[in-house]
Amino acid sequence: MLLGAQRQLRVPVVFLTNAGNVLQDQKAQELSALLDCEVLPDQVILSHSPLKLFSQYHNRRMLVSGQGPLVENARALGFQKVVTVEELRVAFPVLDMVDLERRPKTTPPPRNDFPAIEGVLLLGEPVRWETSLQLIMDVLLSNGDPGADLAVPPDPHLPVLASNMDLLWMAEAKMPRFGHGTFLLCLETIFRKVTGRELRYEGLMGKPSVHTYRYAEAAIRSQAQRQGWAAPVRTLYAVGDNPMSDVYGANLFQQHLQTAQQAGGQEQPSGTQSCTSILVCTGVYSPQGPEARPFHSHRDFSPSPELLRAAYVVQDVREAVQLVLSLEGWAA
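In the nomenclature of an unreviewed UniProt entry, the protein chain corresponds to Haloacid dehalogenase-like hydrolase domain-containing 5 isoform X3 from the organism Erinaceus europaeus.

Engineer: Now, about the overall build of the protein chain: what can you tell me, with residues and values included?
Structural biologist: The secondary structure content of the protein chain amounts to eight helices and twelve strands. For the protein chain, the spread of C-alpha atoms along the principal axes amounts to about 70 × 45 × 40 Å. Across the 332 residues in the protein chain, those meeting the buried criterion constitute 46%. In the protein chain, the proportion of contacts linking residues at least 24 apart, taken out of those at least 6 apart, comes to 71%. In the form shown here, the protein chain has an accessible surface area of approximately 16900 Å², with 53% of it arising from carbon and sulfur atoms.

Engineer: Could you give an account of the sheet that holds strand S12 (residues 312-314), with specific residues and numbers?
Structural biologist: Spatial ordering of the open sheet is given by S10-S11-S12, a layout of three strands whose pairing is parallel. With partners counted over all chains shown, the strands left at the sheet margins are strand S10 (235-240) and S12, one partner each. Across this sheet, the average inter-strand angle for adjacent strands is 25 degrees, counted without regard to direction. In this structure, S10 lies alongside strand S11 (residues 274-280), joined through six bridges in parallel fashion. Bridge pairing in S11 places valine 239 opposite isoleucine 278.

Engineer: Describe the packing of helix H6 (residues 210-226) against helix H7 (residues 243-264), and please don't skip the residues or the numbers.
Structural biologist: In a pair of packed helices, the angle between the axes and the distance between the axes together describe the arrangement. Running from N to C, H6 and H7 point in directions that differ by 75 degrees, and their axes come no closer than 9 Å. By the angle between their directions, the pair H6 and H7 is classed as roughly perpendicular. Residues Val210, Tyr213, Arg214 and Glu217 of H6 form the contact with H7, whose own contacting residues are Ser245, Asp246, Gly249, Ala250, Leu252, Phe253 and His256. Partitioning the contact of H6 with H7 into residue classes produces five nonpolar, three polar and three charged.

Engineer: Let's hear about the sheet that holds strand S3 (residues 61-65): which residues, and what values?
Structural biologist: Taking strand neighbours across the sheet as the criterion, the five strands line up as S4-S3-S5-S6-S9 in an open arrangement whose pairing is parallel. Two strands in the sheet have a free side with no partner beyond their single neighbour: strand S4 (81-84) and strand S9 (203-205). On average, each strand axis in the sheet is inclined to that of its neighbour by 20 degrees, with strand direction left out of account. Relative to strand S5 (residues 119-122), S3 runs parallel, the two being bridged by four bridges. Counted as the bridge partner of serine 65 is leucine 122 from S5. Helix H4 (residues 129-141) rests against S3, S5 and strand S6 (160-163) of the sheet, and its axis sits at about 160 degrees to S3. Those strands touched by helix H5 (residues 180-195) are S3, S5 and S6, and its axis lies near 150 degrees from that of S5.

Engineer: Give me the environment of tryptophan 330: which residues, what numbers.
Structural biologist: For tryptophan 330, the location among the structural elements is in the segment after helix H8 (317-327). Excluding its chain neighbours within four sequence positions, the residues that come into contact with tryptophan 330 are Arg10, Val11, Trp229 and Leu325.

Engineer: Outline the side chain of serine 132, listing residues and values.
Structural biologist: Locating serine 132 in the fold gives a position in helix H4. Every residue in contact with serine 132, bar those within four places of it in the chain, is listed here: Ser65, Val85, Pro126 and Phe183.

Engineer: Account for H4, with residues named and values stated.
Structural biologist: Across its 13 residues, H4 extends 18 Å between first and last C-alpha, which sits within 8% of the 18 Å expected from 1.5 Å per residue. Those residues of H4 not exposed but buried are Thr131, Ser132, Leu133, Leu135, Ile136, Met137, Asp138, Val139 and Leu140. Summarising the contacts, the buried residues of H4 are in contact with S3, helix H3 (85-91), S5, S6 and H5. Note on H4: the residue one or two positions beyond its end, asparagine 143, has a positive phi of about 60 degrees.

Engineer: Now, about the nonpolar core: what can you tell me, with residues and values included?
Structural biologist: Ranked by size, the top nonpolar core spans 50 residues in total, and within it Leu88, Leu122, Ile136 and Leu140 carry the most contacts. Of all the secondary-structure elements, those providing two or more residues to this core are H3, S5, H4, S6, H5, H6, S10 and H7. Considering every element that reaches this core, the biggest residue donor is H6, with seven residues. When neighbours within four sequence positions are excluded, leucine 88 is seen to be in contact with Leu63, Val83, Phe114, Leu135, Val139 and Pro146. Within the second largest apolar cluster, 14 residues are counted, among which are Val64, Leu77, Leu123 and Leu161.

Engineer: I'd like a rundown of the pairing of S4, residues and numbers included.
Structural biologist: One ladder, built from four bridges, connects S3 with S4; its direction is parallel. Across the sheet, residue leucine 63 finds its bridge partner in S4, namely valine 83. Following the chain from S3 across helix H2 (residues 70-77) to the adjacent parallel S4, one finds a crossover that is right-handed.

Engineer: I'd like a rundown of the packing of aromatic side chains, residues and numbers included.
Structural biologist: Tallied over the full model, the rule gives six aromatic pairs. Relative to phenylalanine 114, the ring of phenylalanine 92 lies with its centre 5.4 Å away and its plane at 75 degrees, an arrangement referred to as edge-to-face. Within this pair, whereas phenylalanine 92 is found in the loop between H3 and S5, its partner phenylalanine 114 is found in the loop between H3 and S5, the two being separated by 22 residues in sequence. Considered together, phenylalanine 92 and phenylalanine 114 belong to a single accessibility category, that of buried residues. Measuring from ring centre to ring centre gives 5.3 Å for tryptophan 129 and phenylalanine 183, while their planes differ by 85 degrees; the resulting arrangement is edge-to-face. Placement of tryptophan 129 in helix H4 and of phenylalanine 183 in helix H5 is noted, with a sequence separation of 54 residues between them. One aromatic cluster in this structure is built from Tyr248, Phe295 and Phe301. Note that arginine 61 overlies the ring of phenylalanine 114, its terminal NZ or CZ placed 5.3 Å from the centroid.

What counts and how
Residues numbered from 1 in each chain as written. Predicted model: local features only at pLDDT ≥ 70, side-chain atom pairs only at ≥ 80, totals over all residues. Heavy atoms only, no water. Helix = DSSP H or I, 4+ residues; strand = E, 2+ residues; numbered from the N terminus. Buried < 20%, exposed > 50% of the residue type's maximum accessible area, 1.4 Å probe, protein only. Contact = heavy atoms within 4.5 Å. Areas by Shrake-Rupley, 256 points an atom, 1.4 Å probe, with all protein chains shown as cover. Pairing = 2+ DSSP bridges. Axes fitted to C-alpha atoms, helices over the stretch in contact; angles between N-to-C directions. Parallel < 35°, antiparallel > 145°, perpendicular 65-115°, else oblique. Nonpolar A, V, L, I, M, F, W, Y, C, P; charged D, E, K, R; others polar. Expected span 1.5 Å × (residues − 1). Core = buried A, V, L, I, M, F, W, Y, C linked by side-chain atoms within 4.5 Å. Right-handed = clockwise from strand over helix to strand, strands pointing away. Phe/Tyr/Trp six-rings, centres within 6.5 Å; stacked < 30°, edge-to-face > 60°. Lys NZ or Arg CZ within 6 Å of the ring centre and 35° of its normal.

Given below as structure tokens:
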């Protein structure tokens, strides 16, 4: 329904995912094969894609956590000085003590030649949570020098950037699986218990962050220009199955657009006036309704019932596209 005669998308479309342990090009190729049409890499927005805009941290030496093509993704985002958790563990083997099989048999000499870490980059859920949690805490408590003697935890602590706040996600199992949001919850809880203070983020990316929807809006606008649209895109339609991220994020961005219009007394310079949320009854959707369940979004997002209510509820993506075309007066 969205393709033209040459099997090219006739309207601007982006694929907004909270996945992050994959390369952007690879995800575009996967979608192209599944949908039997060309999906360009710049149409795929991973959870950490907006971190490209955080250039003030790109020259810092960052400890990066996650899995998959971790270093490649970090460098593609602009971070050129990255240290993985595994590299830090090898440099300081006595820090990782949970797995008895990995404990050093002898105590190595202390390291004083390892450059200080200047920030923490959390791109997705790691494999060994106990190792990542321990070493990230060591870096935060030591102000980037995990080989140093115990001191008073710094306040403020090193900058922390994170992406993908989903507490749960749906896979082949009948019940939801832990997401990176669960890992972040563990880290925040440990930090608060140890220091008596809250862990602070310099940026949280992925749905439902406004950063991510602004980034998506710019990608939509760029596509519209390439397709030769004379008028700006006025309305964005956000389709998803998760009320805590997809619906909440779209409605939060709608609030952001309205606030910007009221503050400026006119529409956004980009031309975007609204973002309409559409919930599909697949994936993690539950007929119970989000209001009847615990609020699963990240700590830094308030549990606002109106943000969890979709403007439209449809059965699946097909019905969602039919609805959008009908609302815009386009032939399906």
